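Overview (structure and organization)
Chain residues, written in single-letter form:
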Amino acid sequence: MRKIVSYDPGSHAGFSRRETLGLVLMGALAATRPPGALAQSPGRPAAVETAHRPQIDVPILADDPVAVPLTVSVDHPMEADHYIKALEVVLRTDPVPRKGVFHFTPRSGRASVAYQMRSGQGGELTVVAECTRHGRFEARHLVRVAPGGCALPPGSVTREQGGSPSVRTQARVRPGEVVAVWASLKHTSHTGLAEKNGTFVQERPAFFVERMTAFLGEERVSEFALTPAMSPDPKLRFFVKARPGTMLRVVFVDNRGGQWAAHQQFP
């Protein structure tokens with residue numbers, strides 16, 4: 001049986017060693033639930049739970065543990081005084097349990113993000129949605145993957161580099177229309193973990209994109225806190241509520257201070 005030594009990203013990602021260890025222990029004790037199970041909160045009406053239920057789209061069996069496609073969203077209005085302000089993705093049994101925290105604003109138009117993640121062992125994926133009015137809601141989905149997604153292959157040498165940011169969306173928009181945005185960056189992503197004698201150990205410092213922020217003009221629309229669990233050359237799809245003539249800009253920052261930006265103007 002593998003022993004899991006959780007990666008502690010330290011101050012860059014804001015997760016303490018105690019917090020990460022607690023997540024792993026919780027995952028080891030968690031009971032298996034059916035795919036997409038909703039964690040119901042006592043005292044909440046069923047209609048409120050349903051309206052805030054996170055939707056999880058992930059393969060039940062993923063062939064590539066380094067690039068598991070994942071889409072998380074909540075079908076909820078994004079109004080100024082009532083919206084989904086964050087989605088958090090956790091795989092508690094994984095060597096890198098935190099898979100990203102995605103922050104939204106009403107200008108996002110839709111609380112949704114699609115990307116690819118690493119998964120070393122699979123397990124029960126938990127998505128937590130936070131509503132500005134009703135609090136936190138959870139959904140869970142079982143995912144199975146081939147082993148080894150969070151560890152460096154024996155003897156491998158990873159060239160650490162980043163560059164070539166891009167952002168694209170549809171050519172024309174109507175005022176207030178919610179449109180999909182695709183943003184990407186050519187960037188190495190590794191956890192620095194290596195598996196030795198059945199144990200994951202920190203063999204080298206991690207290297208990854210730790211944040212992506214989207215702006216419309218000077219207004220921050222969304223901000224995504226990423227982790228070493230992001231697949232190499234990250235690609236993200238999200239949404240914005242656009243206005244003709246507005247400049248869309250995305251800024252990537254890695255955990256060593258590197259920064260890259262790309263922009264597109266809506267005609």
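Residues numbered from 1 in each chain as written. Predicted model: local features only at pLDDT ≥ 70, side-chain atom pairs only at ≥ 80, totals over all residues. Heavy atoms only, no water.

1. Things to note about the pattern of salt bridges
What counts here: Take a side-chain nitrogen of Lys or Arg and a carboxyl oxygen of Asp or Glu: if they are within 4 Å of each other, that pair is a salt bridge. Each helix corresponds to a stretch of at least 4 residues labelled H or I by DSSP, and each strand to a stretch of at least 2 residues labelled E; elements are numbered beginning at the N terminus. Whether a residue is buried, partly exposed or exposed follows from its accessible area with a 1.4 Å probe, protein chains only, as a fraction of its type maximum: under 20%, in between, or over 50%, in that order.
With the rule as written, the count across this model stands at eleven salt bridges. Measuring nitrogen to oxygen at the nearest pair gives 3.9 Å for the salt bridge that ties Glu124 to Arg140. Of this pair, Glu124 sits in strand 8 (residues 123-131) while Arg140 sits in strand 9 (residues 135-145), and the two are 16 residues apart along the sequence. Residue Arg140 is classed as buried on the basis of its relative accessible area, which comes to 11%.

2. Description of the environment of Gln170
Stated formally: Contacts were defined at the residue level, with two residues in contact if any of their heavy atoms lie within 4.5 Å.
Mapped onto the secondary structure, Gln170 falls in the loop between strand 10 (162-169) and strand 11 (178-187). Overall, the relative accessible area of 34% leaves Gln170 in the partly exposed class. In the structure, Gln170 is positioned 96 residues away from Phe266 in sequence and 8.5 Å away in space, judged by C-alpha atoms. Not counting chain neighbours up to four residues away, the residues in contact with Gln170 comprise Glu177, Val179, Ala180, Gln264 and Phe266.

3. Some remarks on the pairing of strand 13 (residues 199-202)
So the rule is basically this: By this definition, two strands are paired if DSSP reports at least two bridges between them.
Bridge analysis of strand 12 (residues 193-196) against strand 13 gives four bridges, and the strand direction is antiparallel. When the sheet's bridge partners are listed, Ala194 is paired in strand 13 with Val201. In textbook terms, the turn of a hairpin is the stretch between consecutive antiparallel strands, and for strand 12 and strand 13 this stretch comprises two residues, one of which, Asn197, has a positive phi near 55°.

4. A few points about the packing of aromatic side chains
Given two aromatic rings, one states the distance between the centres and the angle between the planes to describe the pair. Convention followed: Put simply, two rings from Phe, Tyr or Trp (the six-membered ring, in Trp's case) pair if the centres are within 6.5 Å, and we call them stacked under 30 degrees between planes, edge-to-face over 60, tilted for the rest.
This model, assessed by the stated rule, comprises four aromatic pairs. Aromatic pair Phe102 and Tyr115: ring centres 5.1 Å apart, planes at 45°, arrangement tilted. Separated by 13 residues along the polypeptide, Phe102 in strand 6 (residues 98-104) and Tyr115 in strand 7 (residues 111-117) bring together distant segments of the chain. Under the relative-accessibility criterion, Phe102 is labelled buried at 0%. Owing to a relative accessible area of 3%, Tyr115 belongs among the buried residues under this scheme. Taken together, a centroid distance of 5.9 Å and an interplanar angle of 65° make the contact between Phe104 and Phe224 edge-to-face. Of this pair, Phe104 sits in strand 6 while Phe224 is found in strand 15 (residues 219-225), placing the two residues 120 residues apart along the sequence. Given the relative accessible area of 5%, Phe104 is considered buried. Look at Phe224 and you get buried, because its relative accessible area is 0%. Through successive ring pairs, a cluster of aromatic residues spans Phe102, Phe104, Tyr115, Phe224 and Phe238.

5. Thoughts on the environment of Asp57
Note that Asp57 resides in strand 2 (residues 55-57). Note: C-alpha distance between Asp57 and His141 (84 residues apart in sequence) is 8.6 Å. Those residues in contact with Asp57 that lie beyond four places of it in its chain are Pro69, Leu70 and Thr71.

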